[in-house]
Amino acid sequence: MQRRTFLKGSLAGTAVAVAVGAGLLTPRAVLAAWPKSAFKAKKIDDALAKLFGTADNTPSDKIAIKAPDIAENGAVVPVSVKASLDGVESIAILAAKNANPLTSSFSLGANALPQVSTRIKMGKTSDVIAVVKAGGKVYSARKNVKVTIGGCGG
Amino acid sequence: MASKTIKLRARAKGDTVTVKCLIKHPMETGMRKDKKTGKVIPAHFIQEVVCQHNGNTVLTADWGPAVSKNPYLSFAFTGGKPGDSVSISWVDNTGDKDSASTKIK
């Protein structure tokens, strides 16, 4: 009998914990539909699958990545992505060998031109991958960037 | 609430408006350790940046911790003219936020 009440009690406790957990998570969900699972993904394919719904992508020469060949400081690597495709919906920038490859994702409004520039951190020498979703299809391009001082950890 | 963290410029060239902005933010990954105490510095990074032109959203950026400290963002859109307003707002993982707006030159 006592064991039964104990079980009931612990079950109720778990339910409360779950509710509190959900409660804590809601403000963030309200702030932004931030794709946490995609940013936490440790593999490029996982990150893409979670971001675009598919890991398949077609290499395209219509995406231009502007990044230095050698980045002296991995903490600040300027990257520009320009796509000359029609109907670009979103652009994502990944660093292939970072612990969490996805660095940033941009969703474009109706009037936005398919080009973004930003600065990212890179842990070590690897490819910068630009993934562009246009007209329901996913295209990608990559460029190798040599990093002399890593920008993650320290 | 953070304040005055955004430097924003918008310039029109013909029909195309180029927006450049710099945000002051530590962009802490949550993986670095404090060298003195050996403790992990908690993650603190911008998660979402929303850019609007005359109240219409032009670009929404979802950022992870791998965007550099004091992030720079530049993008372009069509259909803007000098005098229109462009605004940027960001929210980070601690719920901190800021916004700024400027007129297109």
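Residues numbered from 1 in each chain as written. Chains lettered and ligands numbered in written order. Predicted model: local features only at pLDDT ≥ 70, side-chain atom pairs only at ≥ 80, totals over all residues. Heavy atoms only, no water.

S.K.: Would you explain the overall build of chain A in this entry?
M.R.: Helix and strand content of chain A: three helices and nine strands. Starting at the N terminus and ending at the C terminus, chain A contains elements arranged as α-α-α-β-β-β-β-β-β-β-β-β. Residues classed as buried in chain A amount to 39% of the 154 residues present. A fraction of 63% describes how many contacts in chain A between residues 6 or more apart in sequence connect residues 24 or more apart. (Helix = DSSP H or I, 4+ residues; strand = E, 2+ residues; numbered from the N terminus. Buried < 20%, exposed > 50% of the residue type's maximum accessible area, 1.4 Å probe, protein only. Contact = heavy atoms within 4.5 Å.)

S.K.: Looking at this model, I keep getting lost on the overall build of chain B. Mind explaining?
M.R.: The secondary structure content of chain B amounts to zero helices and seven strands. Helices (α) and strands (β) of chain B occur, in sequence order from the N terminus, as β-β-β-β-β-β-β. Residues counted as buried form 47% of the 105 residues belonging to chain B. For chain B, the share of sequence-separated contacts (at least 6 apart) that also reach a separation of at least 24 residues comes to 55%. Accessible surface computed for chain B: about 5400 Å², of which carbon and sulfur atoms make up 50%. (Areas by Shrake-Rupley, 256 points an atom, 1.4 Å probe, with all protein chains shown as cover.)

S.K.: For this particular structure, what's the right way to read the sheet that holds strand β1 (residues 6-13) of chain B?
M.R.: Two strands in a sheet stick together by hydrogen bonds in their backbones, pointing the same way (parallel) or opposite ways (antiparallel). Ordered by their spatial adjacency, six strands build an open sheet running β2(A)-β4(A)-β7(A)-β5(B)-β2(B)-β1(B), and the pairing between neighbours is antiparallel. Of all strands in the sheet, those with a lone pairing partner are β2 (63-66) of chain A together with β1 of chain B, marking the two edges. Mean inter-strand twist for the sheet, computed between neighbouring axes without regard to direction, equals 15 degrees. (Pairing = 2+ DSSP bridges. Axes fitted to C-alpha atoms, helices over the stretch in contact; angles between N-to-C directions.)

S.K.: How should the interface of chain A and chain B be read in this particular structure?
M.R.: Contacts between the two partners involve 31 residues from chain A and, on the opposite side, 35 residues from chain B. The interface formed by chain A and chain B holds zero salt bridges in total. Across the contact surface, chain A and chain B share 15 residue pairs in polar contact (both at pLDDT 80 or more). Ranked by residues supplied to the side of chain A that touches chain B, first place goes to strand β7 (residues 112-120) of chain A with eight residues. Class assignment of the residues belonging to the side of chain A that touches chain B gives a composition of 15 nonpolar, 13 polar and three charged. (Salt bridge = Lys/Arg side-chain N within 4 Å of Asp/Glu carboxyl O. Polar contact = N/O pair within 3.5 Å; in protein donor to acceptor, adjacent residues only side chain to side chain. Nonpolar A, V, L, I, M, F, W, Y, C, P; charged D, E, K, R; others polar.)

S.K.: How should the environment of Lys 36 of chain A be read in this particular structure?
M.R.: Residues and elements named next belong to chain A. Of note, Lys 36 is situated in helix α2 (residues 36-40). On the basis of relative accessible area, Lys 36 is assigned to the partly exposed category, the value being 43%. Between the C-alpha atom of Lys 36 and that of Lys 50, which follows or precedes it by 14 residues, the distance is 9.2 Å.

S.K.: Any chance you could explain the nonpolar core here in plain terms?
M.R.: For soluble globular proteins, nonpolar side chains are generally found buried alongside one another. If you look at the biggest cluster of nonpolar residues, it comprises 64 residues, and the most contacted ones within it are Ile 63 and Val 79 of chain A together with Val 49, Trp 63, Leu 73 and Phe 75 of chain B. Those residues in contact with Ile 63 of chain A that sit more than four places away from it in its chain are Val 81, Lys 82, Ala 83, Leu 85, Ala 130, Val 132, Tyr 139, Ser 140 and Ala 141 of chain A. (Core = buried A, V, L, I, M, F, W, Y, C linked by side-chain atoms within 4.5 Å.)

S.K.: How should I be thinking about helix α3 (residues 44-52) of chain A in this particular structure?
M.R.: Residues and elements named next belong to chain A. Every buried residue of α3 is listed here: Ala 47, Leu 48 and Phe 52. Around the axis of α3, the buried residues are gathered within 100 degrees of arc, so they sit on the same side. At its buried positions, α3 is contacted by α2, β5 (88-95), β6 (102-108), β8 (126-134) and β9 (137-149). Phi turns positive, to about 85 degrees, at Gly 53, one or two residues after α3. (Arc of directions from axis to C-beta.)

S.K.: How should the pattern of salt bridges be read in this particular structure?
M.R.: Pairing is possible between side chains that carry opposite charge, provided their charged atoms lie close to one another. Residues and elements named next belong to chain A. In this structure the tally under the stated criterion is four salt bridges over all chains. One salt bridge connects Asp 69 with Lys 143, and the closest N-O pair in it is separated by 2.7 Å. Taken as a pair, Asp 69 in the loop between β2 and β3 (70-73) and Lys 143 in strand β9 lie far apart in primary sequence, 74 residues in all. For Asp 127, the salt bridge goes to Arg 142, with nearest N and O atoms at 2.9 Å. Pair noted here: Asp 127 is in strand β8 and Arg 142 is in strand β9, with a separation of 15 residues, a long-range link.

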